[in-house]
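Analysis of the macromolecular model
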Amino acid sequence: MSAIIGLVVLFICVFGGFVIAGGSLAPIIKATPFEMFIIGGAGVGGMITGNSGAIFKGAWGGMGRVLKGPRYHKEDYIGIIAVISKLMKTLKAEGAVAMESHVENPEASAIFGECPKMLADHGLVGLVCDTIRLMVVSSGTLSPYAVEDVMTASIKHHHHSEMQNADALSTLAGALPALGIVACVLGVVKTMGAIDQPPPVLGALIGGALVGTFLGVFLAYGIFEPFGKRLVQIIDEDSEALKVAQQVIIGNMHGYPVPLIIEAARVCINHHAQPTFGELFDALRK
């Protein structure tokens, strides 16, 4: 929601201020489709050349993530901790056989089904299932420290892959001002071909060319760079769920008391989405 509000403020202040100052939007509206075709096409082409298909798709999907905001909120973290705690209790009480259906087919698991938002996060579910599967096949002989190292490596790899999407947006933002100049230069070339025309015609052509420079800078610093920076923040926030899962699993492997496991998981969560200790403790007692 904050991204939408920001865009509204951006457009009102830029274009509204221009109109209030006595400017006419007609030349901008007339030139924008052609300039956007050049700038947008060059930007998309550069992204296709410089990124894999997965990163290209993830970068544009990241724009949607920015509009939606972070995936997890306070009640979601409570659900994640409760689900993983229940899985660990089931493993300890009923053994490896009882866990097979949960880790091999989490979509059909009654335990995972208690937190639908977690179930929709394939990275998080994969981390939990892969770790429990590792514990099962090792017949309880694994060192908690070794498992923690494996989980840490998996989390770092997942985070790095996600950050590549944000980097692609930031790279596009850096290129857009220059691409705007390219569009402007092409407009000037067009103007020079009509140098014999009267001043009103030349003025309109030059104005249309300058729209290219305006759009390149506007798109870069008004839209894509802020979106790229916000996507980094959202990726960082969403990755906290992976760290929470790690703390719950490793804490159970060590045999730590429940209050310590709760607090270790809770401190991994950013403050505006962090449940209280009491809320988590009450959820685990149910």
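All of these numbers come straight from a predicted model, not from anything done at the bench. (Residues numbered from 1 in each chain as written. Predicted model: local features only at pLDDT ≥ 70, side-chain atom pairs only at ≥ 80, totals over all residues. Heavy atoms only, no water.)

With respect to the overall build of the protein
- Within the protein one finds 12 helices and zero strands.
- Start at the N end of the protein and walk to the C end: the helices and strands fall as α-α-α-α-α-α-α-α-α-α-α-α.
- Relative to the 2.2 N^0.38 estimate, which gives 19 Å for 286 residues, the radius of gyration of the protein is 26 Å and therefore markedly larger than a compact globule would have.
- Expressed as lengths along the three principal axes of its C-alpha atoms, the size of the protein is roughly 90 × 35 × 30 Å.
- Burial statistics for the protein: of 286 residues in total, 41% are counted as buried.
- The contacts of the protein with a sequence gap of at least 6 include a subset with a gap of at least 24, amounting to 75%.
- Element-wise, carbon and sulfur atoms account for 67% of the exposed surface of the protein, whose accessible area totals about 15000 Å².
- For the protein, the centre of its 19 positive side-chain charges and the centre of its 23 negative side-chain charges are spaced 4 Å apart. (Helix = DSSP H or I, 4+ residues; strand = E, 2+ residues; numbered from the N terminus. Rg over C-alpha atoms; globule rule 2.2 N^0.38 Å. Buried < 20%, exposed > 50% of the residue type's maximum accessible area, 1.4 Å probe, protein only. Contact = heavy atoms within 4.5 Å. Areas by Shrake-Rupley, 256 points an atom, 1.4 Å probe, with all protein chains shown as cover. Lys, Arg positive; Asp, Glu negative; His and termini not counted. Charge placed at Lys NZ, Arg CZ, Asp CG, Glu CD.)

Things to note about the packing of helix H3 (residues 53-68) against helix H9 (residues 199-238)
- With their axes 9 Å apart at the nearest point, H3 and H9 run at an angle of 75° to one another. Looking at the two axes, H3 sits roughly perpendicular to H9. Residues Trp60, Gly62, Met63, Arg65, Val66 and Leu67 of H3 form the contact with H9, whose participating residues are Ile223, Phe224, Phe227, Arg230, Leu231, Ile234, Ile235 and Asp238.
- Taken together, the residues of the contact of H3 with H9 sort by class into 10 nonpolar, one polar and three charged. (Axes fitted to C-alpha atoms, helices over the stretch in contact; angles between N-to-C directions. Parallel < 35°, antiparallel > 145°, perpendicular 65-115°, else oblique. Nonpolar A, V, L, I, M, F, W, Y, C, P; charged D, E, K, R; others polar.)

Remarks on the nonpolar core
- Residues Ile80, Ile84, Phe112, Met118, Leu124, Val128 and Val244 are the most contacted members of the largest nonpolar core, which totals 44 residues.
- Of all the secondary structure elements, the ones that give two or more residues to this core are helix H4 (74-94), helix H5 (96-104), helix H6 (116-119), helix H7 (122-137), helix H8 (144-192), helix H10 (240-254), helix H11 (258-266) and helix H12 (277-285).
- At 10 residues, H4 tops the list of elements feeding residues into this core.
- If sequence neighbours within four positions are ignored, Ile80 has contacts with Tyr72, Cys115, Met118, Leu124, Ala241 and Val244.
- If you look at the next biggest cluster of nonpolar residues, it comprises 31 residues, including Ala3, Ile39, Ala166 and Leu215. (Core = buried A, V, L, I, M, F, W, Y, C linked by side-chain atoms within 4.5 Å.)

Re the packing of aromatic side chains
- Under the counting rule described, the total for this entry stands at nine aromatic pairs.
- A centroid spacing of 5.9 Å and a plane angle of 85° characterise the contact between Phe15 and Phe214, whose relative ring orientation is edge-to-face. Pair noted here: Phe15 is in helix H1 (residues 2-20) and Phe214 is in helix H9, with a separation of 199 residues, a long-range link.
- Put simply, the rings of Phe11, Phe15, Phe214 and Phe218 pair up and form one aromatic cluster. (Phe/Tyr/Trp six-rings, centres within 6.5 Å; stacked < 30°, edge-to-face > 60°.)

A closer look at H10
- For H10, built from 15 residues, the straight-helix expectation of 21 Å at 1.5 Å per residue is met to within 8% by its first-to-last C-alpha distance of 21 Å.
- Along H10, the positions that sit buried rather than exposed are Glu240, Ala241, Leu242, Val244, Ala245, Gln246, Val248, Ile249, Ile250 and Gly251.
- Immediately beyond the C-terminal end of H10, within one or two residues, lies Gly255, with a positive phi of roughly 80°. (Expected span 1.5 Å × (residues − 1).)

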